[in-house]
Amino acid sequence: HRHANQNIQPCQDGYNIADAAHTQNCFLFAVKAVMEFWETTTQDYTAIQLHGMGSSSCNGVDGYFTHGTSNIHPQTNEKVHIFRHEAAATMPHAIFTLTGDSPTCNLSGGTNVQGRLINGVPLPKVCNTPATGYSARFIHLEQKWHYRQPANYANWVAALNNAYARFPSATPPQQLIVTTPNGGQTLGKGTQIDLTWTSQSLSQTEPLDLAVGKLHADGSFTYTRGVS
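Numbering of residues starts from 1 in each chain and follows the order in which that chain's sequence is written. Reporting of local features is limited, given that this is a predicted model, to residues whose pLDDT is at least 70; pairs of side-chain atoms are given and counted only at 80 or more, and all residues count toward the totals for whole chains, interfaces and linings. Side-chain metrics rest on all non-hydrogen atoms present in the structure, leaving aside hydrogens and water.

Residue pairs three or four apart in sequence face the same way in an α-helix, which turns once every 3.6 residues. Helix and strand assignments come from DSSP, with helices taken as H or I runs of at least 4 residues and strands as E runs of at least 2, each series counted from the N terminus. A helix is expected to span 1.5 Å for every residue after the first. Given a rise of 1.5 Å per residue, 14 residues ought to cover 20 Å, and the 20 Å separating the end C-alpha atoms of helix 4 (residues 153–166) matches this to within 8%. Along helix 4, the positions that sit buried rather than exposed are Trp-156, Ala-159 and Ala-163. Projected onto a plane normal to the axis of helix 4, the buried residues spread over an arc of 60° and lie on a single side. Within helix 4, the exposed residues directed more than 90 degrees away from the buried face are Ala-154, Asn-161 and Ala-165. We call two residues in contact when some of their heavy atoms are within 4.5 Å. Those residues of helix 4 that are buried are in contact with strand 2 (63–66), helix 2 (79–90), strand 3 (96–98) and strand 4 (138–143). The buried label applies to any residue whose accessible area, calculated with a 1.4 Å probe on protein chains only, is under 20% of its type's maximum; exposed applies above 50%, and partly exposed to all values in between. Our arc is simply the arc of the directions from the helix axis toward the C-beta atoms.

Within the fold, Thr-97 resides in strand 3. For Thr-97, a relative accessible area of 2% translates into the label buried. Excluding anything up to four places from it in sequence, Thr-97 contacts Val-61, Gly-63, Tyr-64, Phe-65, Arg-84, Ser-102 and Pro-103.

For strand 4, the tally of buried residues reaches six of six residues, placing the bulk of the element in the interior. Burial along strand 4 is two-sided: Phe-138, His-140 and Glu-142 facing one way and Ile-139, Leu-141 and Gln-143 facing the other are all buried. Both strand 1 (residues 47–52) and strand 4 contribute to a ladder of six bridges, which runs parallel. Bridge pairing links Gly-52 to Gln-143 in strand 4. Pairing between strands requires that DSSP locate at least two bridges from one strand to the other. Alignment of strand 2 against strand 4, held across four bridges, turns out to be antiparallel. Following the sheet pairing, Thr-66 is matched in strand 4 by His-140.

See below:
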């Protein structure tokens, strides 16, 4: 239990050292090992964490499903959307919501260190650096007390089994992947560099509003560092 050791841990202020979602001194490195196994074999995977919220949290919400980010509403048929749909099918009287839905909830799991890691934050930075996007390989679920009781165990098992059966056909998240530069470069004043990127689940004809102007989802741009 997260209150088993009430000493405050160094990773994130305000959380007990036994709180596995907010410390590096638990199973974070096991998560990294599992990620590397699946990614080096080019296989998809989905990590789901089930959490409990207090009775006064998120008024009107029985379960809140997120990618571990607080500001990105999922597309229809993304994994988190599929899981919420299957849970609602097995527990039709529950109010299950996603990021951006109403009623609102602020328990997005954005400080969860395993979620940050799976969503692309480098391992040494997970304590203090939030994810800026999501991989769709992490799902964070907060549940009210009633839905954590034995009477609903079979419902959650059915929802998980049905969701995992549909995950291979899930829509990947919208994102840009920068291919060059790939980190570690140093640009002197006046230096030019070609920026290149690819996209996922973005229209190739819809322009992107970036600091350098309107560009397309897959493309390149030659950037010159200012001399000042």
